[in-house]
Amino acid sequence: MKVHGKEVQANIKNARLIDLRRRQIIEGAMQVFAAKGFHGASVREIADAAGLTMGTMYNYVRSKEDILYIVYDFMTTILTDGLRKTIEETKDPREKVSAALRHNMEMIYQYRDVIMFLYREAGNYDRESIHTVLAQETKYIEVFEELLRLHFAGRKISEFRLKMAADILSYLNVILVLRGWSLRRRYKSMDDVVNGILAFVEHAIEIVEETDREGVECRHFRKAAKSQRERRTKWGNREKRK
């Protein structure tokens, strides 16, 4: 398991053994972190959940912050690699967006407890980790940019809208984690939710294509915005009329 960007020190030189032990640590850490949070979890509890002694674990990570980082790296890697694999395996260009998003949502929902934990504990990354995390997020978003370029190949597109759409698609699926409790109550099944999101995206991304209607503006935006003083006067006059 390659750790991207940040170098997490190990006292062992055997790359295969490092990969094996760090996967154990990640599996143990995901259980403990999801249950207790970053500050509530102890390194000993993570070692126990990973089936390792404290001494053995410290051969592969230096601190709890290192463990937090390798969990994040693991999640980013499987999401990004899963996207790329789905894009490559889906032959019909028109189906690539929905196939990639469906796979992405399935993975996010499978690891929803860990992803919720990573969102909650984002403030606990050290400075080196933060730089690497931001770089990896950029690469993740760029996969969605590539996906949209494939979808709109041969059509005239707005670069701004394509990049904005990539940003939105990258994190739209996290609604399954952040609003999962509400979605499960409001809809019959999570399959219905996923299909609804895919149907929405199918239509929404068409804004990326430039059309002959580009000059048509929304009526709301043709009006000059009122100043704060004008707004206060307007509401003041309403009060007087009452």
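The shown structure was predicted, so the numbers you read here are calculated from the model rather than taken from an experiment.

Draft legend 1. Focus on the nonpolar core. In this structure, I25, M57, I67 and L118 are the most contacted members of the largest nonpolar core, which totals 65 residues. Per element, the largest residue contribution to this core is 11 residues, and it comes from helix α4 (residues 64-89). Those residues in contact with I25 that sit more than four places away from it in its chain are I46, A50, L52, M57, Y60, V61, I67 and I70.

Draft legend 2. Spotlight on the layout of surface pockets. In this model, the largest pocket occupies a volume close to 350 Å³. Along the wall of the largest pocket there are 17 residues; nearest its centre are Y72, T76, Y119, E137 and Y171. Of all elements in the fold, only α4, α6 (112-120), α7 (127-151) and α8 (159-172) reach the threshold of two or more residues within the lining of the largest pocket.

Draft legend 3. Focus on the packing of α4 against helix α5 (residues 96-110). Taken N-terminus to C-terminus, the directions of α4 and α5 make an angle of 150°; their axes are 9 Å apart at the nearest point. With respect to α5, the element α4 is oriented roughly antiparallel. Between α4 and α5 the crossing geometry is right-handed. Where α4 abuts α5, its residues I78, L79, G82, L83, T86 and I87 lie against K96, A99, A100, H103, N104, M107 and I108.

Draft legend 4. Spotlight on the pattern of salt bridges. The full count for this structure, using the stated rule, is nine salt bridges. A salt bridge links R23 to D19, with the nearest nitrogen and oxygen atoms 3.7 Å apart. A residue pair is termed a helical-turn pair when its members lie 3 or 4 positions apart in one helix, as R23 and D19 do in helix α1 (residues 15-40) at four residues. Residue classification places R23 among the partly exposed positions, given a relative accessible area of 41%. Ionic pairing is found between E209 and R155, a salt bridge with its closest N-O pair at 2.9 Å. Residue E209 is located in the loop between α11 (190-204) and α12 (219-222), and its partner R155 is located in the loop between α7 and α8; the two are separated by 54 residues in the primary sequence. Overall, E209 belongs to the partly exposed group, its relative accessible area being 21%. Salt bridges sharing partners connect three or more residues here, namely R155, E206 and E209.

Draft legend 5. Geometry of helix α2 (residues 43-50). The set of residues buried in α2 consists of V43, I46, A47 and A50. Axial view of α2: buried residues confined to an arc of 100°, hence all on one face. Among the exposed residues of α2, those oriented more than 90 degrees off its buried face are R44 and D48. After α2 finishes, the residue G51 shows a positive phi value of roughly 75°.

Draft legend 6. Expanded view of the confidence of the model for the chain. Looking at the chain as a whole, its pLDDT mean stands at 84, while 85% of the residues score no less than 70. By mean pLDDT, α12 is the weakest element of the chain at 46, and α2 is the strongest at 95. A low-confidence stretch, residues 215-222 (pLDDT under 50), is modelled with one contact involving residues beyond four sequence positions or located in other chains.

Draft legend 7. Representation of the side chain of D73. Its location among the elements puts D73 in helix α4. Here D73 occupies a buried position and makes no salt bridge, while the nearest side chain of opposite charge, R22, is found at 8.2 Å.

Draft legend 8. Main features of the packing of aromatic side chains. Under the definition given, this model contains five aromatic pairs. With a centroid separation of 4.7 Å and an interplanar angle of 10°, the aromatic rings of F33 and F117 are classed as stacked. Pair noted here: F33 is in helix α1 and F117 is in helix α6, with a separation of 84 residues, a long-range link. F33 sits in the buried class, given a relative accessible area of 1%. Residues Y140 and F144 carry aromatic rings whose centres are separated by 5.4 Å and whose planes lie at 85° to one another, so their mutual orientation is edge-to-face. Separated by four residues within a single helix, Y140 and F144 lie in helix α7, roughly one turn from each other. In this structure, Y140 and F144 share a single accessibility class: buried. An aromatic cluster is present here, built from F33, F38 and F117 joined pairwise through their rings. Here K64 stacks its cationic end above the ring of F38, 4.7 Å away from the centre of that ring. The ring of Y109 has R112 lying over it, and the distance from NZ or CZ to the ring centre is 4.0 Å.

Reading guide: rules and limits
Residues numbered from 1 in each chain as written. Predicted model: local features only at pLDDT ≥ 70, side-chain atom pairs only at ≥ 80, totals over all residues. Heavy atoms only, no water. Core = buried A, V, L, I, M, F, W, Y, C linked by side-chain atoms within 4.5 Å. Buried < 20%, exposed > 50% of the residue type's maximum accessible area, 1.4 Å probe, protein only. Helix = DSSP H or I, 4+ residues; strand = E, 2+ residues; numbered from the N terminus. Contact = heavy atoms within 4.5 Å. 1 Å grid on protein atoms, 1.4 Å probe; cavity = no way out; pocket = protein on both sides within 12 Å on 5 of 7 lines; lining within 4 Å. Points joined across faces, edges and corners; volume = space filled by probe spheres on them. Axes fitted to C-alpha atoms, helices over the stretch in contact; angles between N-to-C directions. Parallel < 35°, antiparallel > 145°, perpendicular 65-115°, else oblique. Left-handed = near helix turned anticlockwise from the far one by under 90°. Salt bridge = Lys/Arg side-chain N within 4 Å of Asp/Glu carboxyl O. Arc of directions from axis to C-beta. pLDDT = per-residue confidence, 0-100. Lys, Arg positive; Asp, Glu negative; His and termini not counted. Phe/Tyr/Trp six-rings, centres within 6.5 Å; stacked < 30°, edge-to-face > 60°. Lys NZ or Arg CZ within 6 Å of the ring centre and 35° of its normal.

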